[in-house]
Amino acid sequence: MDDRGGSFVAVRRISQGIERGNQCHSTSAEVVAGSAAWIGRGLSCVCAQRRESDARPSFDLTPAQEESLQRLQSRIDVAYESSILEHQEALRALWHAAFPEEELGGLISEQWKEMGWQGKDPSTDFRGGGFISLENLLFFARNFPKSFQDLLRKREGDRSLWEYPFAVAGVNITFMLIQMLDLEAVKPRTFVGATFLKFLSGCDEIYPPSNGKRAAA
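Residues numbered from 1 in each chain as written. Predicted model: local features only at pLDDT ≥ 70, side-chain atom pairs only at ≥ 80, totals over all residues. Heavy atoms only, no water.

To continue, consider helix α5 (residues 145-152). Inspection of α5 places F148, Q149, D150 and L152 among the buried residues, and these make up the whole buried set. Packing partners of the buried residues in α5 comprise α3 (85-98), α4 (130-143) and α6 (166-180). At the exit of α5 stands K154, carrying a positive phi of roughly 55 degrees. (Buried < 20%, exposed > 50% of the residue type's maximum accessible area, 1.4 Å probe, protein only. Helix = DSSP H or I, 4+ residues; strand = E, 2+ residues; numbered from the N terminus. Contact = heavy atoms within 4.5 Å.)

Under the 1.5 Å per step criterion, the end-to-end length of α6 is 21 Å for 15 residues, consistent within 8% with the ideal 21 Å. Buried residues dominate α6, accounting for 11 of its 15 residues. By the burial criterion, the buried members of α6 are F166, A167, V168, A169, G170, V171, N172, T174, F175, I178 and Q179. With its phi angle positive at about 60 degrees, D182 sits one or two positions after the end of α6. (Expected span 1.5 Å × (residues − 1).)

Taken as a whole, this structure holds 8 aromatic pairs when the rule is applied. Ring centres of W95 and F99 lie 4.6 Å apart, and the angle between their planes is 45 degrees; on these two criteria the pair is classed as tilted. There is no split in this pair, since W95 and F99 are both buried. Here W117 and F126 contribute two aromatic rings whose centre-to-centre distance is 5.0 Å and whose plane-to-plane angle is 55 degrees, an arrangement assigned as tilted. (Phe/Tyr/Trp six-rings, centres within 6.5 Å; stacked < 30°, edge-to-face > 60°.)

Orientation of α3 relative to α5, taken along the N-to-C sense of each, is 85 degrees, at an axis distance of 10 Å. Viewed along their axes, α3 and α5 adopt a mutual orientation that is roughly perpendicular. The residues of α5 that touch α3, namely those facing L94, A97 and A98, are F148, Q149 and L152. For the contact of α3 with α5, the per-class residue count stands at 5 nonpolar, 1 polar and no charged. (Axes fitted to C-alpha atoms, helices over the stretch in contact; angles between N-to-C directions. Parallel < 35°, antiparallel > 145°, perpendicular 65-115°, else oblique. Nonpolar A, V, L, I, M, F, W, Y, C, P; charged D, E, K, R; others polar.)

Formed by 26 residues in total, the largest nonpolar core has its most connected members in L94, W112, M115, W117 and L134. Of all the secondary-structure elements, those providing two or more residues to this core are α3, α4, α5 and α6. At 6 residues, α3 tops the list of elements feeding residues into this core. Once you skip the residues sitting within four places of it in the chain, L134 turns out to touch Y80, H87, A90, L91, L94 and F126. Counting residues in hydrophobic clusters, the runner-up holds 9 residues, among them L69, L72, I76 and L200. (Core = buried A, V, L, I, M, F, W, Y, C linked by side-chain atoms within 4.5 Å.)

Here we come to the pattern of salt bridges. Applying the stated criterion across every chain, the model contains 7 salt bridges. A salt bridge links E110 to K113, with the nearest nitrogen and oxygen atoms 2.9 Å apart. Its relative accessible area of 47% is what places E110 among the partly exposed residues. Close ionic contact of R189 with D182 constitutes a salt bridge, the shortest N to O distance being 2.9 Å. The pair formed by R189 and D182 is uniform in burial state, with each residue classed as buried. Among the ionic contacts, a cluster of salt bridges with common partners joins K146, D150 and R155. (Salt bridge = Lys/Arg side-chain N within 4 Å of Asp/Glu carboxyl O.)

This brings us to a nonpolar patch on the surface. Side chains of I173, L177 and M180 sit close together on the surface and give an oily, nonpolar patch of about 270 Å² of accessible area. Locating M180 in the fold gives a position in helix α6. (Patch = residues over 30% accessible without salt bridge, like charges linked within 9 Å, V, L, I, M, F, W, Y side chains within 5 Å. Areas by Shrake-Rupley, 256 points an atom, 1.4 Å probe, with all protein chains shown as cover.)

Spelled out as structure tokens, the structure:
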């Protein structure tokens, strides 16, 4: 809490990254303090800062883990495109899962702000997380509806003067998990990332991936 009564939040400044194109992605982080107003304006952007001195171990992958990682990376690379019908349908499905009793006026509507998007066009908030962040929000809404509704409507805990935008926070969680688990590297360089891939390949054996084609970015 600052002198003016404004709450403070912890913001992760990310270091140690890998290069994909012209962007720098990362896994390690240091915590800094920032005002809630600042993080609210910049919630859909996580800054990455590379340090060459940070060395990371490399973990060898089994063929199954490598296949699982490549399949997941292909999904991570899919950007949200408002012109793709599959993406439009997924966005509509998210609305109906969140507000089943309220009719959606359109994919561009002031109604989206009720869910915690920054403006009337939610497609502009997917830049950091891509289509997979929408899939994750939809999975959450369909498989854990009570928890989803509790967080969306902020039913638990004390209400605060400043509150996070729910939907944009969900996109950021996907983005941060991609960085923390080192999912854009050729092979994991952290124990956490390697453990996740072991878990992921195990899930693929139980739930084989669909053969359906996914729209390209």
